[in-house]
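Results of the structural survey
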Amino acid sequence: MATPATERTVSLRETGPAERGSRPDEVVIALSPAFAGEFTKTIVDLPHAEVLRQLLAGIEEQGVTARVVRVRDTADLAAISHLGAKLSGSGIAVGVLSRGTAMIHQKDLPRLSNLELFPQSPLLDAEVFRKIGSNAARYAKGESPEPVPTRNDQMARPRWQAKAALLHLKEFDCIEADRGPVEVKPVFELSHA
Amino acid sequence: MDTRLVVGVDVGNSTTEACLARVGPDGAVTYLGTALKHTTGVKGTPENADGAVAAVREVLARAGATVGELHTVLLNEATPVISGLAMETITETIITESTMIGHNPATPGGEGLGVGVTVPIGELLGDGRDSERPVIVVVPHGWDFDDVAATLNSAVRDGVDVVAAVLAGDDAVLVTNRLEKRIPVVDEVAAVEKVPVGMLAAVEVAPPGRTIRTLSNSYGLATVFALDPAQTRQVSPVARALTGNRSAVVIRTPTGDVTDRLIPAGVLELRGAGKTLRVEVDAGADAIMDTLARAQPVDDVHGEPGTHVGGMLAQVRDTMTDVTGQPASEIAIHDVLAVDTIVPAEVRGGLAGEVALEHAVALAAMVSTDRSRMQAVADQVAAELGSSAGVGGVEGAMAVRGALTTPGVDRPVAVIDLGGGSTDAALLSASGETTAVHVAGAGELVTKLIASELALDDREVAENVKRYPLGKVESFYHLRHEDGTVEFVDEPLPPHVFARVVVMTPDGLVPVPTRHTLDAVRRVRREAKRRVFCVNAVRALRQVAPQGNLRALDFVVLLGGSALDFEIPDMIADALAPHGIVCGTGNIHGSEGPRNAVASGLVDAYAEEPG
Amino acid sequence: MTATQPAPSNRRTSRRTEILDSRPVNLDGFVEEWPEKGLVAMESDFDPRPSVRVEDGRIVELDGRARAEFDFMDTFIADHAIDVATTEASMAIPSDEIARMLIDPGVSRRDVLAVTRGLTPAKILDVVKLMNVVEIMQGMQKMRARRTPANQGHSTSARDNPIQVAADAAEGALRGFAELETTLGVVRYAPLVAIALQVGAQVGRGGVLTQCALEEATELELGMRGITAYAETISIYGTESVFVDGDDTPWSKAFLASAYASRGIKMRFTSGTGSEVQMGNAEGKSMLYLEIRCILMAKGAGVQGLQNGSISCIGVPGAMPGGIRAVAAENLVASMVDLECASGNDQSFSHSAMRRTARLMPQLLPGTDFVCSGYSGVPNADNMFAGSNFDTDDYDDWNTFQRDLQVDGGLRHVREDVILQVREKAARALQALFEYLDLPPITDAEVEAAVYANSSNDYPLRDVLADLKGAQSVMDRGVTGLDLVKGLEATGFTDVAENLLTVLRQRVSGDLLQTSAILTPAFVPLSAINDANDYAGPGTGYRLQGERWEELKKLRHVTSATNPETEVS
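Bear in mind the structure is a predicted one, so any value in this text is a computation, not a measurement. The numbering scheme is per chain: residues are counted from 1 as the chain's sequence reads. For naming, the first written chain is A and the first written ligand is 1, with later ones following in the order written. Only residues with pLDDT of at least 70 are given local features in this predicted model, and only at 80 or more are side-chain atom pairs given and counted; all residues enter the totals for whole chains, interfaces and linings.

Here the focus is the overall build of chain C. Tallying secondary structure elements over chain C gives 24 helices and 15 strands in all. For 569 residues, the compact-globule estimate of 2.2 N^0.38 gives 25 Å, and chain C sits close to it at 24 Å. On the principal axes, the C-alpha backbone points of chain C span a range of 65 × 65 × 50 Å. For chain C, the residues scored as buried account for 54% of the 569 residues in total. C-beta atoms are placed from the backbone for every residue, and two residues are taken to be in contact when these atoms lie within 7 Å. Partitioning the intrachain contacts of chain C with sequence separation of at least 6 by distance along the chain shows that 75% fall at a separation of at least 24. In this text, helices come from DSSP runs of H or I with a minimum length of four residues, and strands from runs of E with a minimum of two, each type numbered from the N-terminal end. C-alpha atoms define the radius of gyration, and 2.2 Å times the number of residues to the power 0.38 defines the globule rule. We call a residue exposed when 12 or fewer other C-beta atoms sit within 10 Å of its C-beta, buried when the count reaches 20 or more, and partly exposed for counts in between; the C-beta positions come from the backbone.

What follows is the structure, encoded as structure tokens:
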């Protein structure tokens with residue numbers, strides 16, 4: 001979606017421990033330990049800046065506010081997303097791993113359940129992240145969005161299965177046990193490539 | 001005559017029912033039990049014998065009797081009708097020269113009215129642009145929202161009078177949130193590249209919860225575009241098409257137009273009572289049904305060849321040919337039910353996938369068949385069981401006898417059997433004469449109306465909407481039923497029903513994939529049932545009632561699967577109440593509910609006149 | 001593929017590099033090893049060293065770990081998989097000596113088993129690490145349990161269309177698959193598709209065994225009812241943490257295995273290299289070490305066999321150096337502890353046809369109990385196991401490999417007229433059976449489509465709603481395999497009814513519980529008991545010769561030697 005000559009980068013400024021929100025019109029975006037830190041792009045080289053920007057845009061377009069939280073003590077997507085949902089004033093959160101795998105969660109659901117799951121990280125592009133943000137916001141508003149269509153590709157296995165495993169292990173390495181979630185403020189910058 | 005064991009067997013479209021009874025020498029009947037099996041093969045064909053035999057064996061086994069003790073098996077003469085369905089839209093909305101965009105995106109940006117000349121965003125900052133006139137910016141696919149906002153802001157700083165914008169992507173709120181000057185923005189215009197450039201246009205966005213005021217008003221359009229009375233008359237369809245929208249774009253092109261035209265659907269030709277009457281299908285269902293009433297009894301119905309209605313009836317005849325094996329030329333349509341309906345359809349020439357609610361007519365048609373081969377079924381049953389078997393009576397006449405076993409019912413009594421394809425009525429007069437009729441249209445038509453009005457692709461969902469009450473899942477721990485009551489649950493509800501309108505099926509909650517509210521879905525469901533079942537109940541009863549006078553009927557008993565529906569019996573009772581009729585769901589033998597009426601009617605008829 | 005290509009650099013590249021870069025193999029993914037985390041095929045410094053210590057008839061130390069530190073995998077293996085009586089003696093034999101026994105034609109399979117039943121996971125790893133891929137194949141040739149190799153096929157449908165499943169199962173059975181497996185897109189369709197698979201299989205070739213991969217409870221129920229003949233998708237893992245994540249233990253899996261055995265139903269477990277690291281719980285051990293723990297767990301649970309060869313995780317070892325050697329080694333290990341081995345080759349593996357073929361060779365050349373588990377008997381787009389390494393498009397290539405190398409991969413070329421005939425019969429039998437069972441009708445147009453179809457797109461659409469209701473009624477009414485027999489008999493498909501009845505009778509005799517059992521066309525169970533692998537060097541063991549070799553000489557187009565102006569097929 002970005003016009004060709006420009007690329008955006010993001011840095012996450014920690015603003016303090018993540019608190020439970022009270023606004024019913026907010027969606028929390030919960031990021032994994034290495035997102036936009038140790039790693040800068042997803043398994044298919046989509047910059048994390050773009051992932052985050054599109055998630056935020058999808059939420060903002062629906063007139064809902066967003067808070068971004070970094071989870072540090074787990075790299076399990078369900079745990080990250082569920083924690084985000086518990087911190088969210090609306091009870092809705094989007095969790096996202098560095099490699100791109102994402103999930104929409106709700107606080108009253110069991111941790112291992114979810115509202116929408118996007119397990120095939122190689123098939124998630126900017127447009128899908130926009131729709132994920134948009135759907136999360138619509139759940140927060142009490143609407144019934146059609147689930148974001150998920151794609152499938154049999155040949156993703158030979159190409160991406162091992163890299164996904166590697167990225168998973170790397171993300172686990174970035175876990176900081178006993179450190180609670182922090183609220184972060186994303187700062188986007190434009191760089192001309 | 002000594003005491004005899006007899007079984008009445010009713011072969012229906014989907015189920016085969018059996019009723020076992022002992023008939024005493026005096027004709028006294030003792031009912032011993034009932035059984036229910038799936039019908040094998042198409043009703044009225046020899047394949048029915050397998051299901052009939054299975055039902056007989058089961059009812060005997062339940063009563064501890066053997067085939068050897070059985071005196072005779074009595075089969076029904078099947079209702080000699082088969083039905084078919086077709087639907088055609090009869091109106092069409094066309095936009096020419098991309099005159100307007102009225103698709104109502106979920107999230108337009110800004111608010112107010114902007115009138116200016118359309119300019120592509122790529123040319124906004126170029127040289128030689130006309131900076132004097134107000135500008136409406138058109139943004140194609142591939143532009144990032146941050147870039148759009150930056151470009152517009154810089155144009156405004158350069159003195160360009162940007163008054164509105166039209167976007168391809170879902171970015172309107174994002175862009176307006178980043179603008180230094182607030183303007184109305186309409187987004188999600190998929191075919192934005194077709195917006196004519198350099199034309200005078202108007203963009204209007206209403207505040208949340210409101211609808212536009214200027215562009216949906218003919219004089220508003222006249223004011224904005226300085227139109228004379230003749231031109232105003234010409235644009236009034238545009239204003240009408242935009243009524244109720246929160247946002248809209250109207251572009252003034254030399255000959256652009258929005259038309260709401262009638263599709264020539266053809267003429268329906270009704271032959272009956274020695275007359276041939278013709279009615280235009282696009283005159284609507286009421287006109288068709290009025291004409292039909294004047295041609296009773298109908299011998300055949302034809303559609304004008306080469307027109308939509310010709311195609312519809314040809315489609316019905318083809319289906320009949322498949323089912324009966326009769327050539328299409330021999331198939332005579334004896335009744336039709338026409339129902340007006342609304343079908344959401346994409347507007348031709350639209351730029352944003354606009355959907356207009358078009359009018360359509362649904363037709364259920366019914367054909368008499370002479371191919372019922374119940375005698376063959378009876379012969380086969382007799383051969384397999386080694387007992388005698390015969391056709392004991394005509395379905396409608398038997399049903400009304402069975403209905404008489406419902407406590408509180410007396411002659412004259414009429415029954416209504418609400419089936420899948422046809423609605424059947426029969427009357428047993430005080431003097432013991434029976435009259436039976438069949439009219440087109442029943443459960444399948446209701447399903448079709450629900451599916452098309454709610455734009456459901458999945459017949460299973462439409463079927464569920466028809467059968468079960470609705471609810472709305474408001475959180476993981478509570479849902480609101482369609483009557484407004486709230487139910488709390490202990491275990492969280494499954495995620496796929498979260499925040500959705502659901503059908504409360506016996507297998508659990510099933511989400512209805514629709515943007516409509518629960519109330520809207522409920523309204524569509526009830527209207528569909530009313531237009532088919534209530535209309536047909538009255539229509540069929542009029543045909544059996546003496547002189548067509550409903551007041552001459554005392555008792556009406558509802559039978560068949562639809563009589564078990566959670567609301568249809570009440571709806572029909574309400575519809576008949578003004579005629580002073582006692583109407584309710586049958587309870588055969590005081591215990592079987594609306595089932596087994598035909599099977600026990602067969603036994604009773606036998607007891608009166610043992611063959 | 002929506003994958004992004006590596007960022008283009010500004011440096012000029014040669015034309016040759018461009019061509020090489022566009023080759024399909026470069027669409028596959030390859031990664032470096034990371035042994036500390038278990039991202040390594042089979043050679044890792046972080047795997048335990050072999051050791052065993054027995055006290056009072058109990059293993060108290062296993063691969064450097066004392067009993068007090070055992071996780072439940074260690075406990076299960078020590079208590080149920082390793083022969084306590086012989087373990088210390090077996091473990092004392094140097095690994096290179098055991099490796100040589102594996103490839104030495106002069107040492108019988110039985111002699112090797114006497115040693116391997118006392119080995120610990122680390123010792124087995126130590127042995128196979130010494131073997132190159134040719135030695136692994138030589139070991140497999142001797143250690144495979146059943147003398148006659150066989151193959152397994154998949155018959156599924158992207159629309160879960162039962163007619164397609166029946167027709168493709170019939171063709172697959174005719175082409176030679178000894179087992180056929182199906183699974184579903186919409187799980188509620190399972191009863192109809194399982195029935196279709198069974199009917200199609202028995203039409204194609206009497207005695208073919210069928211299964212339907214589902215969640216464990218339903219899979220067991222279909223088996224107990226006799227609608228399916230065996231089970232395979234009971235997954236096990238090499239670390240305690242992955243087991244626990246799936247709410248399972250070795251004991252719960254063993255319990256499930258005994259449920260099948262109690263009804264005389266053949267079953268095997270499933271495992272494979274890469275699954276633990278894929279789930280991030282490899283505990284720093286190599287993929288093959290963890291897989292060997294699975295193999296011994298299966299052995300300890302008393303099941304007769306195992307499906308392994310990485311299976312659905314093939315992309316992980318496939319991306320590692322030596323990964324496909326490790327996959328060949330895991331198949332060998334299953335065979336060398338006397339388990340039936342259904343050896344993988346059953347998932348989309350590579351964009352490169354050459355690489356797909358190379359990956360097959362370690363199983364095809366020596367022969368395994370089931371070379372593929374399975375081969376896609378439908379086009380991969382219809383394969384609901386997410387695609388296989390080989391599909392229907394590859395039938396002629398496979399037949400040509402067999403003819404070129406004179407090896408038996410379990411399939412054969414069949415003339416089209418014969419194929420069309422069984423496809424039609426399968427569709428007709430299913431049509432009749434559905435009508436008998438009062439299931440949604442199958443039209444003549446559908447039967448016609450089934451005869452000539454390639455994929456699910458070639459069939460008329462079914463009324464899914466009616467089918468799902470029919471499927472539910474199969475479960476509600478308690479329809480069993482015997483009802484299928486009755487229906488086939490009543491509708492005139494007496495031969496098919498007899499085939500199915502004979503398969504069902506195996507439940508009573510229990511012969512299919514023997515290791516590596518399949519049924520011949522004469523319904524003789526062929527297993528490690530009556531068809532034991534007796535390879536003892538050149539000229540011994542299974543030889544592709546005689547009638548079977550004549551059969552495999554046939555291809556679609558072979559020029560006649562008698563009249564070179566014509567072809568024979």
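Next comes the rest of the write-up.
This next bit is on the sheet that holds strand S3 (residues 65–66) of chain C. Residues and elements named next belong to chain C. Read across the sheet, three strands follow the order S1-S2-S3 without closing on themselves; strand pairing throughout is antiparallel. A strand with exactly one partner marks an edge of an open sheet, and here the two such strands are strand S1 (52–55) and S3. Note on pairing: DSSP must find at least two bridges between two strands before they are called paired. Here S1 runs beside strand S2 (residues 58–62); their pairing, made up of four bridges, is antiparallel. Bridge assignment links Glu55 to a residue of S2, and that residue is Arg58. For every element, the axis is a line fit to its C-alpha atoms; helices are fit only across the contacting stretch, and the angle between N-to-C directions ranges from 0 to 180 degrees. Contacts from helix H3 (residues 84–92) reach S1 and S2 within the one sheet, and its direction differs from that of S1 by about 145°.

With the exception of glycine, the majority of residues adopt a negative phi angle, and the majority of peptide bonds are in the trans configuration. Note the cis peptide between B:Gln296 and B:Pro297, where omega equals -15°. Following the sequence through the fold, B:Pro297 ends up in the loop between helix H6 (285–294) and strand S17 (298–303). The residue after B:Arg411, namely B:Pro412, is reached through a cis peptide bond having omega -5°. Mapped onto the secondary structure, B:Pro412 falls in the loop between helix H9 (395–403) and strand S21 (413–418). Non-glycine residue B:Gln547 carries a positive phi angle of around 55°. Inspection of the secondary structure puts B:Gln547 in the loop between helix H12 (518–544) and strand S29 (555–559). Of note in this structure, C:Phe523 is not a glycine but carries a positive phi near 65°. With respect to the helices, strands and loops of the structure, C:Phe523 is situated in the loop between strand S12 (518–519) and strand S13 (525–526).

Next up on the list: the domain arrangement of chain C. All names here are of chain C. Here the limits of each domain have been adopted from an automatic or database domain assignment. Assigned domains of chain C: these are domain 1 (52–143) and domain 2 (148–228 + 343–569). Computed over C-alpha atoms, the centres of domain 1 and domain 2 are 36 Å apart. The biggest single contributor to the side of domain 1 that touches domain 2 is helix H7 (residues 133–143), with six residues.

Turning our eyes to something else, we now look at the UniProt feature "domain: Diol/glycerol dehydratase large subunit" (unreviewed entry) in chain C. UniProt positions are given in the numbering used here, feature names are shortened, and annotations may be inferred rather than shown by experiment. Feature annotation in UniProt places "domain: Diol/glycerol dehydratase large subunit" (unreviewed entry) on residues 14–562 of chain C, given in this structure's numbering. For residues 14–562 of chain C, the helix share is 46%, the strand share is 9%, and the end-to-end C-alpha distance is 51 Å.

We now examine the sheet that holds S17(B). The pairing of strands in a sheet happens through backbone hydrogen bonds and is either parallel or antiparallel. All names here are of chain B. The three strands are arranged S16-S15-S17 in an open sheet whose pairing can be described as antiparallel. Each having just a single partner strand, strand S16 (275–280) and S17 make up the two edges of the open sheet. The sheet shows a mean angle of 20° between the axes of neighbouring strands, taken without regard to direction. For strand S15 (residues 267–272) and S17, the ladder comprises five bridges, and the chain directions are antiparallel. Within S17, the residue paired with Leu270 across the bridge is Val301. On the sheet, H6 packs against S15, S16 and S17 and is oriented at approximately 175° with respect to S16.

Residues and elements named next belong to chain B. Between helix H10 (residues 443–453) and H12, the shortest axis-to-axis distance is 9 Å and the interhelical angle comes to 145°. As for the relative orientation of H10 and H12, their crossing is right-handed in sense. Contacts from Leu445, Val446, Leu449, Ile450 and Glu453 of H10 reach H12 at Val524, Arg525, Ala528, Lys529 and Val532. Take the far helix as the reference: if the near one is turned anticlockwise from it by less than a right angle, the crossing is left-handed, and if turned clockwise, right-handed.

Turning next to the confidence of the model for chain C. On average, residues of chain C score 95 in pLDDT, and 98% of them are at 70 or above. Scored by ipTM, the complex comes to 0.91, with pTM at 0.82. pLDDT: the predictor's confidence for each residue, scored from 0 to 100.

Once that is clear, we can look at the interface of chain C and chain A. Every contact between the two is made by 28 residues of chain C and, on the other side, 20 residues of chain A. Secondary-structure elements contributing two or more residues to the side of chain C that touches chain A are helix H13 (275–278) and helix H15 (315–318) of chain C. Considering each element in turn, the side of chain C that touches chain A owes the most residues, three residues, to H15(C). Under the grouping applied here, Gly and all other residues not named as nonpolar or charged are polar, the nonpolar ones being Ala, Val, Leu, Ile, Met, Phe, Trp, Tyr, Cys and Pro and the charged ones Asp, Glu, Lys and Arg. Its residues assigned to classes, the side of chain C that touches chain A shows 13 nonpolar, 13 polar and two charged.

To continue, consider the pairing of strand S28 (residues 508–511) of chain B. Pairing analysis gives four bridges linking strand S27 (residues 501–505) of chain B to S28(B), with the strands arranged antiparallel. If you follow B:Met504 over to S28(B), its bridge partner there is B:Leu509.

Let us look at the packing of helix H8 (residues 162–175) of chain C against helix H9 (residues 190–204) of chain C. Residue and element names in this part refer to chain C. Between H8 and H9, the shortest axis-to-axis distance is 7 Å and the interhelical angle comes to 30°. The angle between H8 and H9 falls in the class roughly parallel. Every pair of crossing elements has a handedness; the one defined by H8 and H9 is right-handed. For the pair H8 and H9, contact is made by Pro162, Ile163, Val165, Ala166, Ala167, Ala169, Ala170, Glu171, Gly172, Ala173 and Leu174 and by Leu192, Val193, Ala196, Leu197, Val199, Gly200, Ala201, Val203 and Gly204, respectively. Residue composition of the contact of H8 with H9, grouped by class: 16 nonpolar, three polar and one charged. The labels follow the angle: roughly parallel below 35 degrees, roughly antiparallel above 145, roughly perpendicular from 65 to 115, and oblique for the rest.

What follows deals with the nonpolar core. As a rule of thumb, nonpolar side chains are buried together in soluble globular proteins. Any nonpolar core is a set of buried residues, restricted to Ala, Val, Leu, Ile, Met, Phe, Trp, Tyr and Cys, that join up through C-beta atoms within 7 Å. Counting residues in hydrophobic clusters, the biggest one holds 403 residues, and the most contacted among them are A:Val27 and B:Val166. Excluding residues that lie within four positions of it along the chain, A:Val27 makes contacts with A:Ile59, A:Val64, A:Ala66, A:Ser88, A:Ser90, A:Ile92, A:Ala93, A:Val94, A:Ala136, A:Ala137 and A:Ala140.

Attention shifts here to helix H1 (residues 48–63) of chain B. All names here are of chain B. Take the residue count of a helix, subtract one, and multiply by 1.5 Å to get its expected span. Over its 16 residues, H1 runs 23 Å from end to end, which matches the ideal 22 Å to within 8%, given 1.5 Å per residue. When H1 is considered as a whole, its buried residues turn out to be Asn48, Ala49, Asp50, Gly51, Ala52, Val53, Ala55, Val56, Val59 and Leu60. Immediately beyond the C-terminal end of H1, within one or two residues, lies Gly64, with a positive phi of roughly 70°.

Glancing now at helix H5 (residues 109–116) of chain C. Structural remark: α-helix, 3.6 residues per turn; residues separated by three or four positions point the same way. All names here are of chain C. What H5 keeps buried is the set Arg109, Val112, Val115 and Thr116. Looking down the long axis of H5, one finds its buried residues gathered within 120° of arc, a one-sided arrangement. For H5, the exposed residues lying more than 90 degrees away from the buried face are Arg110 and Asp111. At its buried positions, H5 is contacted by H3, helix H4 (95–103), H7 and helix H16 (323–336). In this context, the arc is that of the directions from the helix axis out to the C-beta atoms.

Residues and elements named next belong to chain C. A large share of strand S7 (residues 230–235) lies buried, amounting to six of its six residues. Relative to strand S8 (residues 266–270), S7 is paired through four bridges, and the arrangement is parallel. Of the residues in S8, the one forming a bridge with Tyr230 is Lys266.

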